[in-house]
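Coordinate inspection notes
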Amino acid sequence: MTPTTSPDLKRRSFLRAAFSSAAITPGLLSAADVEKAIAQSEGKFHEPAMDLPLVEDADVIVCGAGPAGIAAAITAARAGAKVRVFEWRGCLGGVWTAGLLGYLLDFDKPGFNQELLKRLDERDMRRGTSKKSICYEPEGMKLLLEEMFVDAGVKFQLHTRVSAAYKEGNRLTTIVTESKSGRQAWRAPVFIDTTGDGDLGALAGCAFEFGEAEACPCQPMSLNALLVCKDAAALAAYIHKSDPSKADGLAKDAFLAEIKRTGHFPSYSKPTLWQVRDDLLLVMMNHQYGVPCFDAAKITEATVQARAELHKIVNGLRKLGGPWEALQIAATAEQIGVRDGRRIRGRYVVNKDDVVTGARYEDAVVRATFSVDIHALSAENNKTAAYHNAGIKTKPYDIPLRALIAKDVDGLMMAGRNISGDFISHASYRVTGNAVAMGEAAGVTAALAATSKRLPHDVPWSEGEAKLKALGQRV
């Protein structure tokens, strides 16, 4: 059979011949010049190859220092691995800190979750007594996490983004980062993708799913903010309590009514206020719809629109006077909050049936209990329901280790909301209490694999559990 040639390849061959023949004088155009000219003719830029400085000093490299990455890095280091972490923001904590999440859900898990709560309590940095949902101080969390990294011996680099991934055969061996230091290459036996959006998995060539189908609709993004008020006690009727109760729903409804009095209907119809400390409040009251996590232009537009709406609402509330007198924005989040990112295909796909039936697995790394939480997928839907559970009553279900191990690429694990799952299950397990537990499991598994020259899928979960018990951590 005669092999076929694609139209693009035929065109490039024609252009190559044309540009080469244009060199009347032998050697006038080099091969590199020809490729550059071809790329420009196609509306592209041909980037020359270059040699990068290569560092190979870690057993485990963690990309992303959000909730899952924090737990993965500290646990891997405690398990005896040399760990490096790369984070593109200017602080550790991801959505907890740069994203000003302010509220931790499904946090009643053993292990690292409880250690973190204890440390927050020791510093008087959380409100309420519930272990399922916690209001905390984002700025204090930054310092706490940095100190925990230093104590564990984790090497970490901020303002650094993973930009490329390279394999030898089917095994991920090297990543490239970009920062003020330029492009740098890093090698390790095992990598963990805790970017939230599955950036490393995508760069490494893994299959993934996104949103409800192959593309949006996807869950909306939200930009949170810290507010300063004159007297938080005067706003008690509008503040969500740290210990959940039916009164919280009333507080949201009352807050919505106040926003509507300004003449504006918010893009998130369940706006929520929390008290961080004294007269410092945290607010979530906007949605940005249909924004893919991997489209920088659309994320930029969403961030600008969300910030404008925050200011519009706060300025409107301040004009109402009364308890809203002197209300102002102290800070908006460094990063808009993303609910839906890539879900990297793993060796098991957590699915709707798991949630409905309360699935049990021998390699369970965490038992998720949070409800299916699908925020409105459009502004029109938001007017009738800010979120819904798709008619599903969640039964506590197991997330197996297999869902944290990439199917298409060896030596790569995932933890957090970018693990292998479908749209419905993701709407339940995506909260940060589960992300921490998954990070803990990925960290210990990666450490055991790297230090024993195995791949993660060759490490039985029973071995990981035993190691966590020995460390005093138990997922």
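Report on the accompanying structure.

The subject of this paragraph is the overall build of the protein chain. Per the secondary structure count, the protein chain includes 13 helices and 23 strands. A compact globule built from 475 residues should have a C-alpha radius of gyration of about 23 Å, and the protein chain, at 24 Å, falls within 12% of that. If one aligns the C-alpha atoms of the protein chain with their principal axes, the spans along those axes are about 85 × 55 × 45 Å. Among the 475 residues that make up the protein chain, the fraction classed as buried is 53%. Partitioning the contacts of the protein chain with sequence separation of at least 6, the portion at a separation of at least 24 is 72%. Of the roughly 20,400 Å² of accessible surface on the protein chain, 53% is carried by carbon and sulfur atoms.

Along the chain, Phe 210 falls in the loop between strand S12 (208-209) and strand S13 (225-228). Assessed through its relative accessible area of 3%, Phe 210 is described here as buried. On a C-alpha basis, the gap between Phe 210 and Val 431 in space is 17 Å, while along the polypeptide they are 221 residues apart.

Turning to the pairing of strand S2 (residues 60-63), a few remarks are in order. Judged by which residues are buried, S2 turns out to be covered on both faces: Val 60 and Val 62 on one side and Ile 61 and Cys 63 on the other are all buried. Relative to strand S3 (residues 83-86), S2 runs parallel, the two being bridged by 4 bridges. Looking across to S3, one finds that Ile 61 is bridged to Arg 84. Viewed along the sheet, the connection from S2 through helix H3 (residues 67-78) into S3 turns out right-handed. The pairing of S2 with strand S11 (residues 190-193) spans 4 bridges and is classified as parallel. Across the sheet, Ile 61 pairs through a bridge with Phe 191, a residue of S11.

Formed by 91 residues in total, the largest nonpolar core has its most connected members in Val 83, Ile 399 and Leu 404. When residues in this core are grouped by element, the largest group, 12 residues, is from helix H12 (residues 432-451). With residues up to four places along the chain from it excluded, the contact list for Leu 404 reads Val 365, Ile 399, Leu 412, Met 413, Met 414, Ile 419, Met 438, Ala 441 and Ala 442. Leu 223, Leu 235, Tyr 238 and Ala 306 belong to the second largest nonpolar core, which has 41 residues in total.

By the bridge criterion, 4 bridges tie S13 to strand S16 (residues 280-284) in an arrangement that is antiparallel. When the bridges of S16 are listed, Leu 226 appears paired with Leu 282. Examined bridge by bridge, S13 and strand S17 (residues 328-332) share 4 bridges and lie antiparallel to one another. Residue Leu 226 lies in a different strand from S17, and its bridge partner there is Ala 331.

Evaluation of the coordinates by the stated rule reveals 9 aromatic pairs. Aromatic ring contacts, followed pair by pair, group Phe 208, Phe 210 and Phe 294 into a single cluster. Of note, Arg 161 hangs over the ring of Trp 88, and the distance from its end group to the ring centre comes to 4.6 Å. Lying across the ring of Phe 208, Arg 342 places its NZ or CZ 5.4 Å from the centre.

Turning our eyes to something else, we now look at the sheet that holds strand S4 (residues 103-105). On the basis of which strands lie adjacent, the open sheet formed by 3 strands has the order S4-S6-S5 and antiparallel pairing. Only two strands of the sheet have a single partner each, and these edge strands are S4 and strand S5 (126-127). Alignment of S4 against strand S6 (residues 133-136), held across 3 bridges, turns out to be antiparallel. Counted as the bridge partner of Leu 105 is Ser 133 from S6.

Let us now look at the sheet that holds S11. Read across the sheet, 5 strands follow the order S7-S3-S2-S11-S23 without closing on themselves; strand pairing throughout is parallel. Since the sheet does not close on itself, it has two edges, and those belong to strand S7 (155-157) and strand S23 (412-414), each with one partner. Here the average twist between neighbouring strands, direction ignored, is 20°. The sheet contact formed by S3 and S7 spans 3 bridges and is parallel. For Phe 86, the partnering residue across the bridge sits in S7 and is Gln 157. Where H3 meets the sheet, it contacts S2, S3 and S11, and its direction lies at approximately 165° from that of S3.

All told, the structure shown has 31 salt bridges when counted by the stated rule. Between Arg 367 and Asp 398 there is a salt bridge whose closest N-O contact spans 2.7 Å. Of this pair, Arg 367 sits in strand S19 (residues 364-368) while Asp 398 sits in strand S22 (residues 397-400), and the two are 31 residues apart along the sequence. Judged by its relative accessible area of 39%, Arg 367 falls in the partly exposed class. Residues joined in a network through salt bridges with shared partners are Asp 124, Arg 127, Glu 137 and Arg 277.

Along helix H4 (residues 112-122), the residues that are buried comprise Phe 112, Asn 113, Glu 115, Leu 116, Leu 117 and Leu 120. Taken together, the buried residues of H4 touch H3, S5, S6, helix H5 (138-152) and H12. Positive backbone phi, at 55°, marks Asp 124, one or two positions downstream of H4.

Looking now at the side chain of Thr 445. Tracing the sequence through the fold places Thr 445 in helix H12. Setting aside anything within four residues of it in sequence, one finds Thr 445 in contact with Leu 401, Met 413, Pro 456, Val 459 and Trp 461.

Criteria and cut-off values
- Residues numbered from 1 in each chain as written.
- Predicted model: local features only at pLDDT ≥ 70, side-chain atom pairs only at ≥ 80, totals over all residues.
- Heavy atoms only, no water.
- Helix = DSSP H or I, 4+ residues; strand = E, 2+ residues; numbered from the N terminus.
- Rg over C-alpha atoms; globule rule 2.2 N^0.38 Å.
- Buried < 20%, exposed > 50% of the residue type's maximum accessible area, 1.4 Å probe, protein only.
- Contact = heavy atoms within 4.5 Å.
- Areas by Shrake-Rupley, 256 points an atom, 1.4 Å probe, with all protein chains shown as cover.
- Pairing = 2+ DSSP bridges.
- Right-handed = clockwise from strand over helix to strand, strands pointing away.
- Core = buried A, V, L, I, M, F, W, Y, C linked by side-chain atoms within 4.5 Å.
- Phe/Tyr/Trp six-rings, centres within 6.5 Å; stacked < 30°, edge-to-face > 60°.
- Lys NZ or Arg CZ within 6 Å of the ring centre and 35° of its normal.
- Axes fitted to C-alpha atoms, helices over the stretch in contact; angles between N-to-C directions.
- Salt bridge = Lys/Arg side-chain N within 4 Å of Asp/Glu carboxyl O.

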